[in-house]
Amino acid sequence: MAQGCQVLAIDTAYIEEDITKPRRQSTVTAWVNVIYGCNETCTYCIVPSVRGREQSRSPGHIRQEIEHLSSQGYREITLLGQNIDAYGRDLPPGDIGQGVGGKITFTDLLYHIHDVPGIERIRFATSHPRYFSPRLIHACAELPKVCEHFHIPFQSGDNDILKAMARGYTHERYRRIIEQIRDLMPDAALSADAIVGFPGETEAQFENTLRLVDDIGFDIVNTAAYSPRPGTPAAQWEQQIRETDKSDRLQRLNHLVNQKAMGRSQRYLGRREEILLEGRNPKQPEQFMGRTRANRITFVDVQSSETEHDADWIGKTVAVEITEARAFSLTGQLLS
Ligand code: SF4
């Protein structure tokens, strides 16, 4: 290191449970890391170099953390991992493991933590289309606390670009996963990440991404123009796309994403939704803010006399009739 040479760590490092003290930004919803690092080799991504190999936390420690969160009043947890479907690959077989030879999978973890008393909602991210399994989809449909919201990045709708990205799936596989989800949970919300202007991406290949977004109709897609990360393979490649072309493609994709999101939002109008209240709307403090099970931000109008004590409301799940729908948020009236 002192001479500026590369240094290779060859000893396996395991997570020390006492260094994973999480930061909490809410008193109602909490993120819980279940796996660190990533073993994938996506050619645009710096994560494997900076976060290292996959390391799953033990199901027992995760459950303990969730029980503790529940005792502190948290009602919703989001299980986190760069590639959450890889959870358990590095763990020894265990009692809860239903995989080959007792291997523990992410689906096993969901069943293991589902009955923690006091926790009402469970979410997870980020899913990888290469490993997303039919058993996980069945578990999500079967377990009532697991919310009907799936965040599954597709990155590109073109098979050659997916190959160049080393993503390990085709757009056909991605579409099949969405079909399986919608077969069991027709109203499930779908979100994703997409990159435009990957090195070598032609106009026709970009249009395949537009086609995928148009066909599937996502609730939200986080979009980005490809930006070379030093030390990643794709950053060295020739055929980098001009900034003007990237920004033109990004604009066109965003336009479609917004249009689709608006269409998806309309289905909520007049519906009764369960909203878990997380706090006040910072821009309009006479409203509370929360989310539907499908993760739509929802602002709730309530009578001022009813809201004197925030503590009586925040952390409660209330019934709300949706009266306004925007592309990425809703407004509703309190029903109960
Ligand atoms: S994009 Fe995601 S799956 Fe691919 S290497 Fe980066 S963190 Fe891993």
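These figures come from a predicted structure and were not determined experimentally.

A. Quick peek at the overall build of the chain. Of the regular secondary structure elements, the chain holds nine helices and 13 strands. A compact globule built from 336 residues would reach a C-alpha radius of gyration of about 20 Å, and the chain, at 21 Å, matches this within 12%. Seen along its three principal axes, the alpha-carbon backbone of the chain occupies a region of about 65 × 45 × 45 Å. Sorting the 336 residues of the chain into buried and exposed places 47% on the buried side. Here the contacts in the chain between residues at least 6 apart in sequence split such that 72% fall between residues at least 24 apart. In the structure as shown, the chain presents an accessible area of about 16,900 Å², 51% of it carried by carbon and sulfur atoms. The chain carries 39 positive and 45 negative side-chain charges, and their two centres are separated by 2 Å.

B. The arrangement of the site of the ligand in detail. Neighbouring residues of the ligand: Cys38, Glu40, Cys42, Tyr44, Cys45, Val47, Pro48, Gln82, His128 and Arg167. Considering only residue class, the shell around the ligand consists of six nonpolar, two polar and two charged.

C. Here's a closer look at the sheet that holds strand β13 (residues 329–334). Taken together, five strands build a closed barrel; the order of strands is β9-β10-β11-β13-β12 and the barrel is mixed. Each strand of the sheet is rotated relative to its neighbour by a mean of 55°, with strand direction disregarded. Bridge analysis of strand β9 (residues 272–281) against strand β12 (residues 317–325) gives five bridges, and the strand direction is antiparallel. Across the sheet, the residue bridging to Leu276 is Thr317, located in β12.

D. Representation of helix α7 (residues 203–216). Between its first and last C-alpha atoms α7 spans 20 Å; for 14 residues at 1.5 Å apiece the expected length is 20 Å, and the two agree. Of the residues making up α7, those classed as buried are Gln205, Phe206, Thr209, Leu210, Leu212, Val213 and Ile216. The arc that holds every buried residue of α7, seen down its axis, measures 155°, which confines them to one face. Elements that come into contact with the buried residues of α7 comprise α5 (159–165), α6 (171–184), β7 (189–196) and α9 (243–266). Count one or two residues on from α7 and you reach Gly217, which has phi positive near 70°.

E. Quick peek at the pattern of salt bridges. For the structure shown, the criterion picks out 26 salt bridges. Of the charged contacts in the structure, one is a salt bridge between Glu54 and Arg89, with a shortest N-O distance of 2.6 Å. Note that Glu54 is positioned in the loop between α1 (47–51) and β3 (55–56) and Arg89 in the loop between β4 (76–80) and α3 (106–113), a separation of 35 residues in sequence. A salt bridge links Arg123 to Glu76, with the nearest nitrogen and oxygen atoms 2.9 Å apart. Taken together, the positions of Arg123 in strand β5 (residues 121–125) and Glu76 in strand β4 put the pair 47 residues apart, joining distant regions of the chain. Assigned by exposure class, Arg123 and Glu76 land together as buried. Among the charged side chains, a salt-bridge network with shared partners connects Asp187, Asp219, Arg264, Arg267, Arg271, Glu273 and Arg296.

F. A look at the side chain of Arg63. Mapped onto the secondary structure, Arg63 falls in helix α2 (residues 59–71). Those residues within four positions of Arg63 in sequence are excluded, and the remaining contacts are His112, Ile113, Asp115 and Val116.

G. Local environment of the sheet that holds strand β8 (residues 220–225). Strand order across the open sheet formed by three strands is β6-β7-β8, with parallel pairing between neighbours. A strand with exactly one partner marks an edge of an open sheet, and here the two such strands are β6 (149–151) and β8. Adjacent strand axes in the sheet meet at a mean angle of 10°, parallel and antiparallel pairs treated alike. The sheet strands contacting α9 are β7 and β8, and the helix crosses β8 at an angle near 175°.

H. Representation of the packing of aromatic side chains in the model. Summed over all chains, the structure comprises ten aromatic pairs. Here Phe288 and Trp313 contribute two aromatic rings whose centre-to-centre distance is 5.9 Å and whose plane-to-plane angle is 20°, an arrangement assigned as stacked. Taken together, the positions of Phe288 in strand β10 (residues 284–291) and Trp313 in the loop between β11 (297–301) and β12 put the pair 25 residues apart, joining distant regions of the chain. Take Phe288: its relative accessible area is 0%, and that puts it in the buried class. Take Trp313: its relative accessible area is 13%, and that puts it in the buried class. In textbook terms, an aromatic cluster arises when at least three aromatic residues are bridged by ring pairs, as seen for Tyr44, Phe198, Tyr226 and Trp237. Over the ring of Tyr131 we find Arg89, and its NZ or CZ is 4.7 Å from the ring centre.

I. Focus on the packing of α2 against α3. It is at 10 Å that the axes of α2 and α3 come closest, and there the two elements cross at 40°. In this view, α2 runs oblique relative to α3, as classed from their interaxial angle. α3 is crossed by α2, and the crossing has right-handed handedness. Seen from α2, the contacting residues are Pro59, Gly60, Ile62, Arg63 and Ile66; seen from α3, they are Leu109, His112 and Ile113. Of the residues contributing to the contact of α2 with α3, the split by class is five nonpolar, two polar and one charged.

What counts and what doesn't
Residues numbered from 1 in each chain as written. Predicted model: local features only at pLDDT ≥ 70, side-chain atom pairs only at ≥ 80, totals over all residues. Heavy atoms only, no water. Helix = DSSP H or I, 4+ residues; strand = E, 2+ residues; numbered from the N terminus. Rg over C-alpha atoms; globule rule 2.2 N^0.38 Å. Buried < 20%, exposed > 50% of the residue type's maximum accessible area, 1.4 Å probe, protein only. Contact = heavy atoms within 4.5 Å. Areas by Shrake-Rupley, 256 points an atom, 1.4 Å probe, with all protein chains shown as cover. Lys, Arg positive; Asp, Glu negative; His and termini not counted. Charge placed at Lys NZ, Arg CZ, Asp CG, Glu CD. Near = heavy atom within 4 Å. Nonpolar A, V, L, I, M, F, W, Y, C, P; charged D, E, K, R; others polar. Pairing = 2+ DSSP bridges. Axes fitted to C-alpha atoms, helices over the stretch in contact; angles between N-to-C directions. Expected span 1.5 Å × (residues − 1). Arc of directions from axis to C-beta. Salt bridge = Lys/Arg side-chain N within 4 Å of Asp/Glu carboxyl O. Phe/Tyr/Trp six-rings, centres within 6.5 Å; stacked < 30°, edge-to-face > 60°. Lys NZ or Arg CZ within 6 Å of the ring centre and 35° of its normal. Parallel < 35°, antiparallel > 145°, perpendicular 65-115°, else oblique. Left-handed = near helix turned anticlockwise from the far one by under 90°.

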